[in-house]
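Residue-level listing of the chains:
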Amino acid sequence: MDRSPTIRTFRAPDTRAALAAVKAALGPDAVIVSTRSIPRTLLRPAEVEVTAALAPPEPPPAPAPAAQQQEPAPALESALAGELAALRAALAEARQELRRVSRETRTSQQLLLDPAAARVYDELAEAGVEPALAEELVRQARSRGAGGGADTVLGEVHALLATRLRVARAPWLRGGARVVAFIGPTGVGKTTTLAKIAARTVIESRRKVALITVDTYRVGASDQIARYGEILGAPTFIARDREELLRAVTRCADADLVLIDTAGRSTSEAVAQQAESIRTIPGLQMHLVVSAAAGSRELAAVAERYRSLAPERVIVSKVDEAAAPGGILSALVRLDRPVSCIANGQRVPEDLHAVEELDLLDLVLGSRRRERAAAAGGR
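Read on for a plain summary of the structure. (Residues numbered from 1 in each chain as written. Predicted model: local features only at pLDDT ≥ 70, side-chain atom pairs only at ≥ 80, totals over all residues. Heavy atoms only, no water.)

### Observations concerning the overall build of the protein chain
Thought 1: The helix and strand tally for the protein chain stands at 13 helices and 11 strands.
Thought 2: Partitioning the intrachain contacts of the protein chain with sequence separation of at least 6 by distance along the chain shows that 74% fall at a separation of at least 24.
Thought 3: Put simply, the protein chain shows about 19400 Å² of open surface, and 52% of that area lies on carbon and sulfur atoms. (Helix = DSSP H or I, 4+ residues; strand = E, 2+ residues; numbered from the N terminus. Contact = heavy atoms within 4.5 Å. Areas by Shrake-Rupley, 256 points an atom, 1.4 Å probe, with all protein chains shown as cover.)

This is how it looks when you write it as structure tokens:
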């Protein structure tokens, strides 16, 4: 028979709710192994996490003669299992701390950074920030007079990022550009982003939308746009060349917002040719869609490939798929363009959000680091 204890983890908005969940699932004999606070992120509210253990019940003993029957011994296995789990958790935490100190020591020696700056560098790298950018930020923080410990350095990095990360009006809000084109690599979610923006424009802003696709390369691309248009009651057009594109835009004269989908292209030359055709439209605003899940190296390459096209805005997609979304900094600092919205899922239109400065700081630093930086004096 399996005698191993039952160990489960529960999350709830507060401690009382978490303990109630433990009691409901494991009963009053459950042993609390550990608790920790889960900080708020861009995609998730703050929570409390409780790990609890409960050993399976002992099998009933064989009946003893009446003269030898005794009161049952207290069940100690559950308590022992809880203590063992706590010891294992403490050991894992100690190992993690040892690895962190070792990593910071190597960073300090290799980059000639003081220990506090080395710790912030490693935190930024862990968040996905490109190593060269992480080093640049901590060195600038020190050169700006940030003394003291790691939190002080992080506070100055926070202030530096606040000057580099800019936001812009979401495309579906009134007062923005009338004709918007979406460019970017294959697979970043341009068509889904277009559909989300179109839906928000129709549902929230109560404005008319028209959809145009110049993506005649991808199988089913025009059918996908047509389906979105049918659902939203929006006219849709396919443009195979510059002349058809101009005629399509002309036919959208009564639309409040015209959204143009493009094909993902793999070479700088193909990207430039496509953009040249799109740029013939008067008043067009170009939004570059980048995936937060791509990683800093790929995002840096995307920025270099599209920078010559001078897109006016950046849209960050697939935030929910990014293990370390700080890599978006690689694209944003190279493009020097504001972010207009953030996408974090496939639902249309729920998983698209207007963006504020704190959202971007949370995305790059993580909410816990951003809060530490703000407490240390970062803007």
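The discussion continues.
### Describing helix H5 (residues 150-164)
Within an α-helix, residues lying three or four positions from one another point in the same direction, as the helix has 3.6 residues per turn.
Thought 1: With 15 residues, H5 extends 21 Å between its outermost C-alpha atoms, agreeing within 8% with the 21 Å of an ideal straight helix rising 1.5 Å per residue.
Thought 2: By the burial criterion, the buried members of H5 are Ala150, Val153, Leu154, Gly155, Glu156, Val157, His158, Ala159, Leu160, Leu161 and Ala162. (Expected span 1.5 Å × (residues − 1). Buried < 20%, exposed > 50% of the residue type's maximum accessible area, 1.4 Å probe, protein only.)

### Observations concerning the sheet that holds strand E2 (residues 31-38)
Thought 1: Taken in spatial order, the 3 strands make up an open sheet running E1-E3-E2, and their pairing is antiparallel. Strands with a single pairing partner mark the edges of an open sheet, and in this sheet they are strand E1 (6-12) and E2. Pairwise comparison of adjacent strand axes, ignoring direction, gives a mean angle of 15 degrees for this sheet.
Thought 2: Contacting E1, E2 and strand E3 (47-54), helix H1 (residues 15-26) runs over the sheet at an angle of about 145 degrees to E1. (Pairing = 2+ DSSP bridges. Axes fitted to C-alpha atoms, helices over the stretch in contact; angles between N-to-C directions.)

### Observations concerning the sheet that holds strand E4 (residues 179-183)
Thought 1: Ordered in space as E6-E5-E7-E4-E8-E9-E10-E11, the 8 strands form an open sheet in which the pairing is mixed. Taken across any chain shown, the strands that pair with only one partner, and hence form the sheet edges, are strand E6 (236-238) and strand E11 (352-354). On average, each strand axis in the sheet is tilted by 25 degrees relative to the strand beside it, whichever way the strands run.
Thought 2: When strand E9 (residues 313-317) meets strand E10 (residues 339-343), the two strands line up parallel, connected through 3 bridges. Bridge pairing in E10 places Val314 opposite Val339.

### Here's the deal with the packing of helix H4 (residues 131-143) against H5
Thought 1: Contact geometry of H4 with H5 gives a least axis separation of 9 Å together with a crossing angle of 110 degrees. If you check the angle between H4 and H5, you find them roughly perpendicular. Considering the relative orientation of H4 and H5, their crossing is right-handed. Together, Leu133, Glu136, Leu137, Val138, Gln140, Ala141 and Arg142 of H4 and Val153, Glu156, Val157, Leu160, Leu161 and Arg164 of H5 make up the contact between the two elements.
Thought 2: A per-class count over the contact of H4 with H5 returns 8 nonpolar, 1 polar and 4 charged. (Parallel < 35°, antiparallel > 145°, perpendicular 65-115°, else oblique. Left-handed = near helix turned anticlockwise from the far one by under 90°. Nonpolar A, V, L, I, M, F, W, Y, C, P; charged D, E, K, R; others polar.)

### Structural notes on unusual backbone geometry
Thought 1: The amide bond that connects Val348 to the next residue, Pro349, takes the cis arrangement and shows omega of 0 degrees.
Thought 2: Structurally, Pro349 is set in the loop between E10 and E11.
Thought 3: Phi at Arg206 is positive, roughly 55 degrees, even though this residue is not glycine.
Thought 4: Considering the arrangement of structural elements, one finds Arg206 in the loop between helix H6 (190-203) and strand E5 (209-213).
Thought 5: Assessed through its relative accessible area of 68%, Arg206 is described here as exposed.
Thought 6: Despite not being glycine, Lys318 shows a phi value in the positive range, around 55 degrees.
Thought 7: Following the sequence through the fold, Lys318 ends up in the loop between E9 and helix H11 (328-335).

### A word on H1
Thought 1: Taking 1.5 Å per residue, 12 residues should reach 16 Å; H1 reaches 16 Å between its end C-alpha atoms and fits that length.
Thought 2: Of all the positions in H1, only Ala18, Val22 and Leu26 are classed as buried. Down the axis of H1, the smallest arc covering the buried residues is 45 degrees, so these residues share one side. Residues of H1 that are exposed and point more than 90 degrees away from the buried face comprise Arg16, Lys23 and Ala24.
Thought 3: Packing partners of the buried residues in H1 comprise E1, E2 and E3. (Arc of directions from axis to C-beta.)

### Observations concerning the environment of Arg178
Thought 1: Checked against the element boundaries, Arg178 lands in the loop between H5 and E4.
Thought 2: Accessibility expressed as a relative area gives 31% for Arg178, which makes it partly exposed.
Thought 3: For the pair Arg178 and Leu284, spaced 106 residues apart in the sequence, the C-alpha separation amounts to 7.4 Å.
Thought 4: Once you skip the residues sitting within four places of it in the chain, Arg178 turns out to touch Cys252, Ala253, Asp254, Ala255, Asp256, Leu257 and Val258.

### Here we look at the environment of Ala170
Thought 1: Summarising the element assignment, Ala170 is placed in the loop between H5 and E4.
Thought 2: Other than its neighbours up to four places away in sequence, Ala170 contacts Ser340 and Ala354.

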